[in-house]
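# Structural overview
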Amino acid sequence: MLGLDETAPVPGLADFAEQVDGGSPPTLYGLLYDVLLRKRQSECLLRRSGPFERLVRMVAEPVRAKVRREARRQVERARALSEIADVLRDAVLPRLGAEAAPQVSTLPPCTGRRRAGIGGDWYKARKLPGGRLLITLSDGRGHGLDAVTLMAKLRYALAGLAYTGHPVEHLTEWVNLARP
């Protein structure tokens with residue numbers, strides 16, 4: 001909901017009714033009448049008061065218990081996948097001290113494409129034996145758990161293959177063989 005902190009709980013109807021401007025409650029009550037008693041979709045414009053004054057378009061529709069349970073299950077699944085992806089990302093990204101130079105990082109997902117909060121985009125810079133330098137940039141296809149798993153697989157495969165001393169075209173061919 002606009003103006004709320006990302007971690008703040010979504011207000012219930014009673015809390016929301018307290019946040020609307022003095023002239024808006026009849027409009028809100030009309031919407032609730034349509035949804036709860038007439039069992040039809042309804043929408044209205046409400047003026048929200050308080051520190052984030054703005055006009056809010058509210059759309060509501062009746063939800064059957066089975067649909068509500070499925071929606072709740074899907075939200076719980078998305079949260080679980082996000083938590084797993086965060087743990088996996090933390091596990092595959094190195095933890096370096098302040099004196100160490102970073103060797104790898106993931107690139108942030110593009111605005112508007114955020115799903116689980118992580119992506120398969122990454123870059124790597126590493127010093128190799130013989131004074132050579134490995135610099136790579138990759139898009140590991142997508143966002144979420146599958147993307148970070150692929151990112152880790154390709155990153156570690158390339159880091160190991162680079163130590164063979166073979167030319168870049170061989171490394172590219174071998175990394176492509178490591179992809180699913």
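Residues numbered from 1 in each chain as written. Predicted model: local features only at pLDDT ≥ 70, side-chain atom pairs only at ≥ 80, totals over all residues. Heavy atoms only, no water.

Let us look at helix α2 (residues 25-36). If you check α2, its first and last C-alpha atoms are 16 Å apart, about what twelve residues at 1.5 Å a residue would give, namely 16 Å. Those residues of α2 that fall on the buried side of the exposure criterion are P25, L28, L31, L32, D34 and V35. On its buried face, α2 is in contact with α1 (13-19), β1 (42-48) and β2 (54-60). (Helix = DSSP H or I, 4+ residues; strand = E, 2+ residues; numbered from the N terminus. Expected span 1.5 Å × (residues − 1). Buried < 20%, exposed > 50% of the residue type's maximum accessible area, 1.4 Å probe, protein only. Contact = heavy atoms within 4.5 Å.)

Roughly 350 Å³ of volume is contained in the largest pocket. Considering the residues around the largest pocket, the lining is formed by 19 residues, among which T136, L158, V168, L171 and T172 are closest to the centre. Within the residue set of the lining of the largest pocket, elements represented by two or more residues are β5 (133-143), α4 (145-162) and α5 (168-178). In terms of residue count, β5 provides more of the lining of the largest pocket than any other element does, six residues in total. Classifying every residue of the lining of the largest pocket gives twelve nonpolar, five polar and two charged. (1 Å grid on protein atoms, 1.4 Å probe; cavity = no way out; pocket = protein on both sides within 12 Å on 5 of 7 lines; lining within 4 Å. Points joined across faces, edges and corners; volume = space filled by probe spheres on them. Nonpolar A, V, L, I, M, F, W, Y, C, P; charged D, E, K, R; others polar.)

Here the focus is the side chain of S42. Note on placement: S42 falls in strand β1. Relative accessible area serves as the criterion here: at 8%, S42 is assigned to the buried category. A polar contact of 3.2 Å, which involves the side chain of S42, links it to the side chain of D34. Aside from chain neighbours lying at most four places away, what touches S42 is L31, D34, V35, M58, V59 and A60. (Polar contact = N/O pair within 3.5 Å; in protein donor to acceptor, adjacent residues only side chain to side chain.)

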